[in-house]
Amino acid sequence: CALICLHKRSDWRASTGRVPEVRVASLGGGPGNDACGFLAYNALHNIAERVAATVFDFSEAWEPLCKAIGGEAVMPRVAAELGYGAALDFARVDLRAAVDAEENQ
């Protein structure tokens, strides 16, 4: 849904051209589907030369998957297929807690 909105509002790109880097935050993003969706969107619409995506989630269960996709064994091949630089990382956060809470540091 967010990518559809982005596509409909992407007339800003016509005036700015391709940007050097876009940073994507996927809140409660689980295994990284949203972040990977933006990687594909960028490949189709040529928005940025590099995309750095971070999945922020409470469940530690997603961390190994995100780290594996973003690691040296997978991400360089993904970036080569997409035709631009890409990175995927994971950070454990609790969206119910305050930003400066211990569990969000």
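Residues numbered from 1 in each chain as written. Predicted model: local features only at pLDDT ≥ 70, side-chain atom pairs only at ≥ 80, totals over all residues. Heavy atoms only, no water.

1. So, the pattern of salt bridges
To be explicit about the condition: A pair is scored as a salt bridge if a Lys or Arg side-chain nitrogen falls within 4 Å of a carboxyl oxygen belonging to Asp or Glu. Going along the chain from the N terminus, every DSSP run of H or I of four or more residues is numbered as a helix, and every run of E of two or more is numbered as a strand. Relative accessibility decides the category of a residue: with a 1.4 Å probe and only protein chains considered, values under 20% of the type maximum give buried, values over 50% give exposed, and everything between is partly exposed.
With the rule as written, the count across this model stands at 4 salt bridges. The shortest N-O distance in the salt bridge between Asp89 and Lys67 comes to 2.8 Å. Here Asp89 is found in strand 3 (residues 85-92), whereas its partner Lys67 is found in helix 4 (residues 63-70), with 22 residues between them in sequence. Residue classification places Asp89 among the partly exposed positions, given a relative accessible area of 35%.

2. Some words on the sheet that holds strand 2 (residues 48-57)
What counts, and what does not: Strand pairing is assigned whenever DSSP identifies at least 2 bridges connecting the two strands. What counts as an axis is a line fitted to C-alpha atoms, over the stretch in contact for a helix, and the angles between N-to-C directions run from 0 to 180 degrees. Only heavy atoms matter for contacts: two residues are in contact if any of them lie within 4.5 Å across the pair.
Pairing is parallel across the open sheet formed by 3 strands, whose spatial order is 1-2-3. Single-partner strands in this sheet number two, and they are strand 1 (19-27) and strand 3. Neighbour-to-neighbour, the strand axes of this sheet turn through a mean angle of 15°, independent of strand direction. Looking at chain direction, strand 2 and strand 3 are connected through 8 bridges and run parallel. Bridged to Ala52 within strand 3 is Ala87. Where helix 3 (residues 33-45) meets the sheet, its contacts fall on strand 1, strand 2 and strand 3, and the angle it forms with strand 2 comes to roughly 170°.

3. Description of the side chain of Asp94
For clarity, the threshold we go by: Distance and chemistry together define a polar contact, namely a pair of N or O atoms within 3.5 Å, with one atom able to donate a hydrogen and the other to accept it when in protein, and with adjacent residues in sequence counting only for side-chain atoms on both sides.
Relative to the elements of secondary structure, Asp94 occurs in the segment after strand 3. Of the polar contacts made by the side chain of Asp94, one reaches the side chain of Arg96; its length is 2.9 Å.

4. Let's talk about unusual backbone geometry
Of all residues except glycine, most have a negative phi; of all peptide bonds, most are trans. Unusually for a residue other than glycine, Asn46 sits at a positive phi of about 50°. If you trace the backbone, Asn46 turns up in the loop between helix 3 and strand 2. For Asn46, a relative accessible area of 39% translates into the label partly exposed.

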